[in-house]
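A structural walkthrough
Residues per chain are reported as follows:
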Amino acid sequence: MGKIVVVYWSGTGNTQAMAEAVMEGAKAGGTEAELFTASEFDASRMDSYDAAAFGCPAMGEEVLEEGEFQPMFDSVEGKLDGKRIGLFGSYGWGAGEWMRSWEETCRKAGAVLVCDSVTSDGAPDEETLDACRALGKVLA
């Protein structure tokens, strides 16, 4: 049994709800999991986990949140080589370009994306929350 971390940033609560569903899935999968906001997490913690889920909504021109999440993610990017990860987040406009760019960044860093990323147009519905739970189980 491994140890999983779920790290997220949420401005409206949508991505937070998704993060909590990922946690539910990880715990249902029988693994130890911890939940952090982006401001609570940094690269010094990454070696403590076998897998990670990162959640951030699309901001502005379909980019990651730049005040807290992007600096945190930049700090952990160098620790992603060979790490099993999953990505999730919400958006309110656009076509999901932020997620495709983020996935590519993770692949270039050597991360192993364990499943399709989970996105939600606005507040996550039950189907989206189920996909988040499934992401957590796959990481477990």
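What you see as residue numbers is a count from 1 along each chain, following the sequence as written. Only residues with pLDDT of 70 or above have their local features reported here, since the model is predicted, and side-chain atom pairs are shown and tallied only from 80 upward, although totals for entire chains, interfaces and linings are computed over all residues. For the side-chain quantities, the full set of heavy atoms in the structure was used; hydrogens and water were omitted.

**As for the packing of helix α1 (residues 14–28) against helix α4 (residues 126–139)**
- Here the axes come from fitting lines to C-alpha atoms, over the contacting stretch only for helices, and the angles between their N-to-C directions go from 0 to 180 degrees. Under the DSSP-based scheme used, a helix requires at least four consecutive residues in state H or I and a strand at least two consecutive residues in state E, with every element numbered from the N terminus. Where α1 meets α4, the axes come as close as 6 Å, and the angle between the chain directions of the two elements is 45 degrees. As far as their axial angle goes, α4 and α1 are oblique. For the pair α1 and α4, the crossing hand works out as right-handed. Each of Ala17, Met18, Ala21, Val22, Glu24, Gly25, Ala26 and Ala28 in α1 lies in contact with α4, whose residues at this interface are Thr128, Leu129, Cys132, Arg133, Leu135, Gly136 and Lys137.
- The nonpolar class holds Ala, Val, Leu, Ile, Met, Phe, Trp, Tyr, Cys and Pro. Asp, Glu, Lys and Arg form the charged class, and all remaining residues, Gly among them, are polar. Class assignment for the residues of the contact of α1 with α4 results in 9 nonpolar, 3 polar and 3 charged. When an angle is under 35 degrees it counts as roughly parallel; over 145 it counts as roughly antiparallel; between 65 and 115 it counts as roughly perpendicular; any other value is oblique. Helix crossings are classified by the rotation of the near helix relative to the far one: an anticlockwise turn of less than a right angle makes the crossing left-handed, while a clockwise turn makes it right-handed. It only takes one pair of heavy atoms within 4.5 Å for two residues to be counted as in contact.

**A few points about the pairing of strand β4 (residues 84–91)**
- Each residue is assigned to one of three classes by its accessible area relative to the maximum for its type, calculated with a 1.4 Å probe on protein chains only: buried under 20%, partly exposed between the two thresholds, exposed over 50%. The buried fraction of β4 is high, at 7 of 8 residues.
- A strand pair is defined by DSSP finding two or more bridges across the two strands. Two elements, strand β3 (residues 51–55) and β4, share 5 bridges in a ladder whose sense is parallel. Paired with Ala52 across the two strands is Ile85, which belongs to β4.
- Here a crossover is taken to be right-handed if, once the strands point away from the viewer, the path from the first strand over the helix to the second is traced clockwise. The parallel pair β4 and strand β5 (residues 112–113), bridged by helix α3 (residues 97–108), forms a crossover whose chirality is right-handed.
- With 4 bridges connecting them, β4 and strand β6 (residues 118–121) associate as parallel partners. Each bridged residue has a counterpart across the sheet, and for Ser90 the counterpart in β6 is Ser120.

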